[in-house]
Amino acid sequence: MFERPRSGERAVLVRLGLGEPLRAADLEEFQQLARSAGATPVATVTGRRERPDSRYFVGSGKAEEISAVAAAESADVILIDHPLSPSQERNLEKLTGRRVLDRNGLILDIFAQRARSFEGKLQVELAQLKHLSTRLVRGWTHLERQKGGIGLRGPGETQLETDRRLLATRVRSLTRKLARLRQQRDTGRSARAEIPVPGVALVGYTNAGKSTLFRALTGADAYVADLLFATLDPTVRKLTLPGGARIVVADTVGFIRELPHELVAAFQSTLQEARSAQLLVHLIDAADARRDEYTGQVNAVLAEIGAGSLPQLLVYNKIDRLDLEPRIERDAAGAVRQVWISAAQSRGIELLKEAIAERLELRAQRGWLTLPAGAGALRAQLFAGGAVREERTEDDGAMRLLIELPPEAMAAIARKPDVKLTLLSAELPCAHA
């Protein structure tokens, strides 16, 4: 039996054009994926087939070519830019004598490297175990315990059965932990919903510049690198828009074509940040020739996670590569349709803030809120949400807060027992209104 190497960086990349000519952009993206995983591409094997081969996926002749190239280049791993069945992966490993990783396994490996939060690590491990569960067949037949002593004769439990049992136990444990974390996240979201603050989620194809834009908008120290899936764990920060209205902005994981279903399923709670947003800021690489195709692929993933019907603001980034100026484009009715910016150069950021405020139709109200001495939790929520403009303490211990919130949030506050709210003015429009 072939023993899988534990590590290795020299990689042979394989991509076929299935039923159509091979596109250079697909191959370039696959090379970026390999480098993002820490591999060093030493050779590339390409070809074209009408349909996948049932045994090797690439066909027997191409499989022999891959084996020869891997041997000549002393490669440690062979990366296939297509999803492989467990049997196809095993057959290629047996033929080449090297570890074979398909596209899904490669993306899962990158996610495992990028996850930083406790929840993110659990989600990636769960996705990896579900992916691995389909690849245990005949993987340990050399370790089967078919013989025993007196009273122990018979097949016993094979190593494969043991692995399946241990894997299933770990999957159940991870699922329970993630369910508890999801409940905690939902509880926190419910508490924040008592004082509604509009939420905006940054979405887009991986490497479109979401983390760069997030840093330019909020000043957060987000990690930025020219890598696919440079950041994985979602980050949420507050943002003040023109006119003083406050929102929260979430930077989500980037999407990619053929995103493994195991990841979409495992990251449901993380992607909740996108589903619960009032507006999706869909960031697009304006300089990419395939930007329209990538936009469609992002929309397909959004539909899969239940966020396909949310309003979107299309934002075209990296205009510095096209020598374009920042601008807002409007439709015939005068509504914002697109915004063109350069996040890396912080050009057009104020235009984007104005467009977000306009799309959210944010208008603020200001008023004095009188709280009893025991309402410390509500006071803390208001301060945490950035709604307090001034605070006074009355002789009887009551707290008076000058707050500024959208009308629906003011209405929610006014409905609370034992509080008194006196509005000072009508709606205060944002700068665009």
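S.K.: Help me understand the pattern of salt bridges in this model?
M.R.: Opposite charge on two side chains permits them to pair, given that their charged atoms come into close proximity. Here the structure, examined in full by the defined rule, presents 22 salt bridges. The residue Arg103 makes a salt bridge to Glu29 at a minimum N-O spacing of 3.3 Å. A residue pair is termed long-range when its members are at least 10 positions apart, and Arg103 in helix α4 (residues 103–114) and Glu29 in helix α1 (residues 24–36) qualify at 74 residues. Assessed through its relative accessible area of 0%, Arg103 is described here as buried. Look at Glu29 and you get buried, because its relative accessible area is 5%. For the salt bridge of Arg366 with Glu404, the shortest nitrogen-to-oxygen distance reads 2.5 Å.

S.K.: Quick question: what am I supposed to make of unusual backbone geometry here?
M.R.: For residues that are not glycine, phi is negative in most cases, and the peptide bond is trans in most cases. If you check the backbone angles, Phe57 has positive phi at about 70 degrees while not being a glycine. With respect to the secondary-structure elements, Phe57 resides in the loop between β2 (40–49) and α2 (60–72). Residue classification places Phe57 among the buried positions, given a relative accessible area of 5%. The phi dihedral of Asp418 falls on the positive side, at around 65 degrees, and the residue is not glycine. Take Asp418: it is sitting in the loop between α13 (407–414) and β15 (420–423).

S.K.: In this structure, what is going on with the sheet that holds strand β7 (residues 246–251)? I would like to understand it.
M.R.: Picture the strands of a sheet paired through backbone hydrogen bonds; they go either parallel or antiparallel. The seven strands are arranged β6-β7-β5-β8-β9-β11-β10 in an open sheet whose pairing can be described as mixed. The two strands at the open ends of the sheet, each matched to only one other strand, are β6 (235–240) and β10 (327–330). For this sheet, the mean angle separating the axes of adjacent strands, direction not counted, is 25 degrees. The sheet contact formed by β6 and β7 spans six bridges and is antiparallel. When the bridges of β7 are listed, Thr235 appears paired with Asp251.

S.K.: I keep staring at the sheet that holds strand β3 (residues 77–80) and nothing clicks. Help me out?
M.R.: Within the open sheet, the four strands sit side by side as β2-β1-β3-β4. Their pairing is parallel. What marks the edges here is a single partner per strand, and that holds for β2 and β4 (99–101). Neighbour-to-neighbour, the strand axes of the sheet open up by a mean angle of 20 degrees, direction not taken into account. Two elements, strand β1 (residues 10–18) and β2, share nine bridges in a ladder whose sense is parallel. Across the sheet, the residue bridging to Gly17 is Arg48, located in β2. The sheet strands contacting α1 are β1, β2 and β3, and the helix crosses β1 at an angle near 150 degrees.

S.K.: Teacher, can you tell me more about helix α11 (residues 349–360) here?
M.R.: Over its twelve residues, α11 runs 17 Å from end to end, which matches the ideal 16 Å to within 8%, given 1.5 Å per residue. Along α11, the residues classified as buried are Ile349, Leu352, Lys353, Ala355, Ile356, Ala357 and Leu360. One or two residues past the end of α11 sits Glu361, with phi positive at roughly 55 degrees.

S.K.: I'm lost on the packing of α4 against helix α5 (residues 118–133) in this one. Help?
M.R.: Helix packing for two helices is described by the angle between their axes and how far apart those axes are. Relative orientation of the contacting elements α4 and α5 amounts to 155 degrees, with a least axis distance of 9 Å. Considering their axes alone, α4 and α5 lie roughly antiparallel with respect to each other. The handedness of the crossing between α4 and α5 is left-handed. Only Val124, Ala127, Gln128 and His131 of α5 make contact with α4, whose side of the interface consists of Asn104, Gly105, Leu108, Asp109, Phe111 and Ala112. Here the contact of α4 with α5 is built from residues that sort into five nonpolar, four polar and one charged.

S.K.: How should I be thinking about the nonpolar core in this particular structure?
M.R.: The nonpolar side chains of soluble globular proteins are, as a tendency, buried together. Ranked by size, the top nonpolar core spans 32 residues in total, and within it Leu33, Leu79, Phe255, Leu280 and Leu302 carry the most contacts. Counting only elements with at least two residues in this core, the list comes to β1, α1, β3, α4, β5 (199–204) and α10 (291–304). Excluding its chain neighbours within four sequence positions, the residues that come into contact with Leu280 are Ala201, Val203, Ala274, Leu302, Ala307, Leu310, Pro311, Gln312 and Leu313.

Parameters at a glance
- Residues numbered from 1 in each chain as written.
- Predicted model: local features only at pLDDT ≥ 70, side-chain atom pairs only at ≥ 80, totals over all residues.
- Heavy atoms only, no water.
- Salt bridge = Lys/Arg side-chain N within 4 Å of Asp/Glu carboxyl O.
- Helix = DSSP H or I, 4+ residues; strand = E, 2+ residues; numbered from the N terminus.
- Buried < 20%, exposed > 50% of the residue type's maximum accessible area, 1.4 Å probe, protein only.
- Pairing = 2+ DSSP bridges.
- Axes fitted to C-alpha atoms, helices over the stretch in contact; angles between N-to-C directions.
- Contact = heavy atoms within 4.5 Å.
- Expected span 1.5 Å × (residues − 1).
- Parallel < 35°, antiparallel > 145°, perpendicular 65-115°, else oblique.
- Left-handed = near helix turned anticlockwise from the far one by under 90°.
- Nonpolar A, V, L, I, M, F, W, Y, C, P; charged D, E, K, R; others polar.
- Core = buried A, V, L, I, M, F, W, Y, C linked by side-chain atoms within 4.5 Å.

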